[in-house]
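# Per-entry structural report
Each chain, letter by letter, is given below.
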Amino acid sequence: NTHTYYSYKFGAWAPKALLNRAVEFGYGTVCITDINNTSAVLECMRLSRTEINIRVIPGIDFRNGAEQLFVGIPKTNAGFQQINQYLSSFLHSREPIPSIAPAWDDVFVIYPFNKSTANSQQLLASGYIGIRPHDIPQLRLSPLRHHPERLVMLPTVTFSDKHSFNAHRLLRAMDNNLLLSKLPKSEEGDPRHQLLPKKELLAFYQDFPEIVKNAEALVEQCDVSFEFKTNKNKRFYTTSHEEDMRLLRSECEKGLDYRYPMAGDNIRKRLDHELKVISEKDFASYFLINWNLINYARHKGYFYVGRGSGANSLAAYLLRITDVDPIELDLYFERFINPHRASPPDFDIDFSWLDREDITRYIFDTYGHDRVALQATYSTFQFKAVTRELGKVLGVPAHEIDQLQRRGKAHGIGQYGDLILKYSQLIDGFPSHLSIHSSGILISEEPINAYSPTFLPPKGYPTTQFDMISAEDLGLYKFDILSQRGLGKIRDSIEIIKTNTGDEIDIHDIKRFKQDEEIKTLLREARAIGCFYVESPAMRMLLTKLRAEDYLGLVAASSVIRPGVAKSGMMREFIIRFRDKDKREEAREKIPEFYDLLKETYGVMVYQEDVIKVAHFFAGLSLAEADVLRRGMSWKFKERSEFHKVEEKFKANCLAKGHSRELVEKIWNEVNSFANFAFAKGHSASYAVESYQALFLKAYYPIEYMVATINNGGGFYRPELYIHEARMHGAVVQPPCVNRGERNSILFDKTIILGLNMVGELESKAIDLILSVRKMGEFDSLADFVDRVPISVEQLRAVDSRGNIPLYRAQQKRN
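Residues numbered from 1 in each chain as written. Predicted model: local features only at pLDDT ≥ 70, side-chain atom pairs only at ≥ 80, totals over all residues. Heavy atoms only, no water.

## Some details on the overall build of the chain
Quick reminder of the rule: We count a stretch as a helix when DSSP gives it H or I for four or more residues in a row; a strand needs E for two or more, and each element gets its number in order from the N terminus. The globule rule used here is 2.2 Å times the number of residues to the 0.38 power, and the radius of gyration it is set against is calculated over C-alpha atoms. Categorising residues by exposure relies on relative accessible area from a 1.4 Å probe, with only protein chains included: less than 20% of the type maximum marks a residue as buried, more than 50% marks it as exposed, and the intermediate range marks it as partly exposed. Whether two residues are in contact is decided by their heavy atoms, any of which lying within 4.5 Å being enough. Accessible surface is estimated by sampling points in the Shrake-Rupley manner with a 1.4 Å probe; for residues, cover comes only from the protein chains shown. For the charge count, each Lys or Arg is scored as positive and each Asp or Glu as negative, with His and the chain ends excluded. To locate a charge, take atom NZ for lysine, CZ for arginine, CG for aspartate or CD for glutamate.
When helices and strands are tallied, the chain shows 37 helices and 14 strands. Here the C-alpha atoms of the chain give a radius of gyration of 31 Å, agreeing with the 28 Å that 2.2 N^0.38 yields for 815 residues. Evaluated residue by residue, the chain yields a buried proportion of 57% over its 815 residues. For the chain, the share of sequence-separated contacts (at least 6 apart) that also reach a separation of at least 24 residues comes to 70%. Within the structure as shown, the chain displays about 35,400 Å² of accessible surface, and the carbon and sulfur contribution to it stands at 50%. Of the charged side chains in the chain, 106 are positive and 106 negative; the average position of the first set lies 3 Å away from that of the second.

## A few points about the sheet that holds strand 13 (residues 746–748)
Applicable threshold: Should DSSP find at least two bridges between two strands, the strands are taken to pair. Axes here refer to lines fitted to C-alpha atoms; in helices the fit is confined to the stretch in contact. Angles between the N-to-C directions go from 0 to 180 degrees.
The strand order across the open sheet built from three strands is 12-14-13, with neighbouring strands paired in mixed fashion. The open sheet has two edge strands, strand 12 (732–734) and strand 13, and neither has a second partner. Ignoring strand direction, the axes of neighbouring strands in this sheet form an average angle of 25 degrees. In terms of strand pairing, strand 12 meets strand 14 (residues 751–753) through three bridges, oriented parallel. Its bridge partner being in strand 14, Val 732 is matched across the sheet by Thr 751.

## Thoughts on a negative patch on the surface
Our working rule: Patch membership requires over 30% relative accessible area and the absence of a salt bridge. Like charges are linked within 9 Å, and nonpolar side chains (Val, Leu, Ile, Met, Phe, Trp, Tyr) within 5 Å. Criterion for a salt bridge: a side-chain nitrogen of Lys or Arg within 4 Å of a carboxyl oxygen of Asp or Glu.
A contiguous patch of negative charge, built from Asp 582, Glu 585, Glu 586 and Glu 589, is present on the exposed surface. Given the relative accessible area of 42%, Glu 585 is considered partly exposed.

## Considerations on the environment of Leu 542
In this structure, Leu 542 sits in helix 21 (residues 537–546). Between the C-alpha atom of Leu 542 and that of Ile 575, which follows or precedes it by 33 residues, the distance is 8.2 Å. Residues contacting Leu 542, with those up to four places away along its chain left out, are Ala 557, Val 560, Ile 561, Met 571 and Ile 575.

## Some points on the packing of helix 11 (residues 284–300) against helix 13 (residues 356–367)
Threshold: Here is the rule for angles: anything less than 35 degrees is roughly parallel, anything more than 145 is roughly antiparallel, 65 through 115 is roughly perpendicular, and the remaining ranges are oblique. Working rule for handedness: look at the near helix, and if it is turned counterclockwise from the far one by less than a right angle, call the crossing left-handed; if clockwise, right-handed. Under the scheme applied here, ten amino acids are nonpolar (Ala, Val, Leu, Ile, Met, Phe, Trp, Tyr, Cys and Pro), four are charged (Asp, Glu, Lys and Arg), and all others, including Gly, are polar.
Where helix 11 meets helix 13, the closest approach of the two axes is 11 Å, and the angle between their N-to-C directions is 130 degrees. With respect to each other, helix 11 and helix 13 are oriented oblique. For the pair helix 11 and helix 13, the crossing hand works out as right-handed. For the pair helix 11 and helix 13, the contacting residues are Ile 289, Asn 292, Leu 293, Tyr 296, Ala 297 and Lys 300 in the first and Asp 358, Ile 359, Arg 361, Tyr 362, Ile 363 and Tyr 367 in the second. When its residues are assigned to classes, the contact of helix 11 with helix 13 shows eight nonpolar, one polar and three charged.

## Topic: unusual backbone geometry
Generally, phi is negative for residues other than glycine and the peptide bonds are trans, each holding for most cases. One non-glycine residue, Asn 36, lies in positive phi territory at about 50 degrees. You can see Asn 36 is positioned in the loop between strand 1 (29–35) and helix 2 (41–50). In this structure Asn 36 comes out as buried when scored by relative accessible area, which is 18%. Its identity is not glycine, yet Asp 330 carries a phi of approximately 55 degrees, on the positive side.

## Some points on the confidence of the model for the chain
Our working rule: Scored from 0 to 100, pLDDT reflects the predictor's confidence in each residue.
The predicted model of the chain has a mean per-residue pLDDT of 89, with 94% of residues at 70 or higher. Within the model, the stretch residues 799–815 combines pLDDT values under 50 with 40 contacts to residues more than four positions away or in other chains.

## Here's the deal with helix 2
Summarising burial for helix 2: eight of the 10 residues are buried, a large majority. Turning to helix 2, its buried residues are Val 41, Leu 42, Glu 43, Cys 44, Met 45, Arg 46, Leu 47 and Ser 48.

## Quick notes on the sheet that holds strand 6 (residues 151–153)
Two pairing modes exist for strands in a sheet, parallel and antiparallel, and in both the strands are linked by backbone hydrogen bonds. Ordered in space as 1-2-3-4-5-6, the six strands form an open sheet in which the pairing is mixed. Either end of the sheet is taken by a strand with one partner, and the two such strands are strand 1 and strand 6. Neighbour-to-neighbour, the strand axes of this sheet turn through a mean angle of 35 degrees, independent of strand direction. Where strand 5 (residues 128–131) meets strand 6, three bridges bridge the pair, whose relative direction is parallel. Note that in strand 6 the partner of Gly 130 across the bridge is Val 152.

## Structural notes on empty space enclosed by the protein
The cut-off we apply is this: In the cavity and pocket records, a cavity denotes points on a 1 Å grid over the protein atoms alone where a 1.4 Å probe fits but cannot get out, a pocket denotes an open set with protein on both sides within 12 Å along at least 5 of 7 lines, and lining residues are residues with an atom within 4 Å of a point. Grid points are joined across faces, edges and corners, and a volume is the space filled by probe spheres set on the points.
Per the stated rule, a full pass over the model turns up three cavities of 30 Å³ or more. What the largest cavity holds in volume is close to 50 Å³. Lining of the largest cavity is provided by Phe 303, Tyr 304, Val 305, Asp 323, Leu 487, Ile 490, His 508, Val 689 and Gln 693. Contributions of two or more residues to the lining of the largest cavity are made by strand 7 (304–307), helix 18 (485–501) and helix 32 (681–700).

## Overview of the pairing of strand 5
Every second residue of strand 5 is oriented toward a common face, with Tyr 128 and Gly 130 on one face and Ile 129 and Ile 131 on the other, all of them buried. Here strand 4 (residues 107–112) runs beside strand 5; their pairing, made up of three bridges, is parallel. Bridge pairing links Ile 110 to Tyr 128 in strand 5.

## Quick word on the side chain of Asn 233
What counts is decided by this rule: Definition of a polar contact: a pair of N or O atoms within 3.5 Å, with one able to donate and the other able to accept a hydrogen when the atoms are protein atoms, and with sequence-neighbouring residues admitted only if both atoms are side-chain atoms.
Note that Asn 233 resides in the loop between helix 8 (209–221) and helix 9 (241–259). Among the polar contacts made by the side chain of Asn 233, one reaches the main-chain carbonyl oxygen of Gly 475 at a distance of 3.4 Å.

## Details of the pattern of salt bridges
By the definition in use, this model includes 51 salt bridges. In this structure, Arg 249 engages Asp 272 in a salt bridge whose closest nitrogen and oxygen atoms are separated by 3.2 Å. Placement of Arg 249 in helix 9 and of Asp 272 in helix 10 (residues 265–280) is noted, with a sequence separation of 23 residues between them. Residue Asp 272 is classed as partly exposed on the basis of its relative accessible area, which comes to 40%. The network of salt bridges with common partners includes Lys 16, Glu 43, Arg 46, Glu 51, Lys 229 and Asp 473.

## Some thoughts on helix 35 (residues 764–774)
Heads up, the condition is: Each C-beta atom gives one direction from the helix axis, and the arc is the one those directions make.
Of all the residues in helix 35, the buried ones are Ala 766, Ile 767, Ile 770, Leu 771, Val 773 and Arg 774. All buried residues of helix 35 project into a common sector of 165 degrees when viewed along the axis, lining one side. Taken together, the buried residues of helix 35 touch helix 36 (782–788) and helix 37 (793–796).

## Some thoughts on a positive patch on the surface
Taken together, the side chains of Lys 545, Arg 572, Lys 583 and Lys 590 make up a positively charged region of the molecular surface. Relative to the helices and strands, Lys 590 is located in helix 25 (residues 581–590).

## A look at the environment of Gln 375
Its location among the elements puts Gln 375 in strand 9 (residues 372–380). The exposure class of Gln 375 is buried, given its relative accessible area of 0%. Taking the C-alpha atoms as reference, Gln 375 lies 10.0 Å from Tyr 477; in sequence the two are 102 residues apart. Sequence-distant contacts of Gln 375, defined by excluding residues within four places in its chain, comprise Ile 436, His 437, Gly 440, Leu 442, Thr 463, Thr 464, Phe 466, Asp 467, Met 468 and Ala 471. A distance of 3.2 Å separates a polar side-chain atom of Gln 375 from the backbone oxygen of Asp 467.

## Topic: the packing of helix 6 (residues 162–176) against helix 16 (residues 415–427)
When two helices pack together, you describe them by how their axes are tilted relative to each other and by the distance separating the axes. One way to put it is that helix 6 packs onto helix 16 with a least axis distance of 10 Å and a crossing angle of 90 degrees. As far as their axial angle goes, helix 16 and helix 6 are roughly perpendicular. Seen from helix 6, the contacting residues are His 163, Asn 166, Ala 167, Leu 170 and Leu 171; seen from helix 16, they are Lys 422, Tyr 423, Leu 426 and Ile 427. Its residues assigned to classes, the contact of helix 6 with helix 16 comprises six nonpolar, two polar and one charged.

## Re the pairing of strand 4
Judged by how many residues are buried, strand 4 sits mostly within the fold: six of six residues are covered. Of the two faces of strand 4, both are covered, the one formed by Val 107, Val 109 and Tyr 111 as well as the one formed by Phe 108, Ile 110 and Pro 112. The pairing of strand 3 (residues 67–74) with strand 4 spans four bridges and is classified as antiparallel. The residue of strand 4 that forms the bridge with Val 71 is Ile 110.

Here you go:
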């Protein structure tokens, strides 16, 4: 009955440390039974296959709060699914778990000895009784000793040592929002629940050998396993692989007519190659599910942007999943999918923040709530936040906690300060609770409960208990469904333009936008306020320095601005080489092989693909190893042994080619510093497409675009700036008006009437009430307004953030 730190705010073992210690202490099998949770199971099972020679059996410790009810140990994968389904039902309903387990066929149920005294006959009939080492003295006096066939070893493992137990108590106090001194013993674990060496543990049971044999027999009957790195997503979109491929080819052929009316042999050969790889890797259903999704979006009139490495796929372009032409940008498909790539592909599809919820609903309704789940992520304790929380449970005044955070070890607040720092370092990085991945949705061939219980966050959709890394290990690749306000701005702009001017805009005419002189001027001079990500100060500064005015320049800038490139100093180097031809030649002369490999970006690694190029062609790694390197820049993957092996081979191969150690370390540091943050080239190109759409609207319809920007929550800056920007383009801005205004800001010719939602502290339901009452006629006066609209005095007094625009600015009725 082992608990890792995924028994949130209870367990204190890191999974890998627990498995290593178990091997060190002589064990060949360990049951991972976290409290109402299986987050550690997949990671531990993967480790047992790849790094640590120990057998892992999954299970669940079912509890209501700190009260242990029973432990479920599945015999088979079917049993694992059963306990996952059972736990899910209570995590969804938030009802207490019954004290007696269901009559499962494929699950061993073990009840704790201390629970068995009151209703031992009922428990003996439905399961086993678990005996901990410190239960032995009581067992000698208990009637249960006459039922040795129903008794098994159940040593609980929650802590590694005294410090680990102390950290547990602090976590329990934090979880219960109590001072440590007020924490009841019922909320704590037992300090004796530590991992003992095998011989020492067996010594406790020497007078009861049957208990040991029973435990061994149960363990031998358990056979739960997963085949990692095999595709477990929805297998077929239609009814078979062959039918999927026929449909995929048919839809791609239709796309050729739309995208390339005069398609040449090079495009058809590229399509044939991609479809062959897609078929071999069994990813047809993945493409078709995305195709179905964007068809639904287009049918509903939703704007979307397909981005990420999926933009490297011609098939995705033909299916209209992305608007990035991979032929134009020379994007190679192998960055997205190749025969050597072990990790699954993924599309990132952005929808308007107003449309994403309906898209999510559509996916669950189409593919089934039992086989679709949101991807979880783990919120972890961070050192600075932990110091504050520990200060609270230890009763340290807030000003002293501030002093501790400012001064560190030189805090000057005594022994409590030392304790806080000590345990903050120990708890730092522990998972705090489950959260939701920003965009990931899983669509499984088998029920999701075959791999994990699900919980029900406020979004109202089942969510896994494992993160994206474990999902990829298992073979479940996520569908990234994101939202952004930029698309909402574009959609609303088109509607406002049509209403205000009568013009109809083809916002997908990107080829025309790329040649537009007005857009080139905005780019070159960085006049991009309101235009997606290019409006940020850093991006506008970069555009000003580059003086870039074309599509490729913007694509490069989109990735150059990322933190890793800037951190490595390569952003500055890219700017210099972009503007100075002599500097390019100088860079090429230093390392011709490296420069020619990255000729398009002047010898500077700018895109994620550049990591693969450098690793494969410059360092001589295989494509599979190069992909491990690219993916390995994430903090969690970096901890894995396979990443370190690739790092060693990268350096060794470069040295073997005759490059100096100084140069090799320099190149490695550049790879290491930027790859985690850099964009794939297709991702940057997708962002550039949306930027061109925004820049077109800003160039020709600036007032309409600013109104849409205000209505979609602004952007990088506060709403005041966008109001000022509208004025700069000739708009007349009027304050919110209960007679002429609406919920959102509206435009009449060049006059903007700010929306009622711009009024500070005015509640949404009050706006609904005002608009509803106004349908029966405008308000003559304040008295008329007060008489007709039954809202509180506080809402009548509501003003904007500067306190000078009263809500009841009623205009006289117009004749």
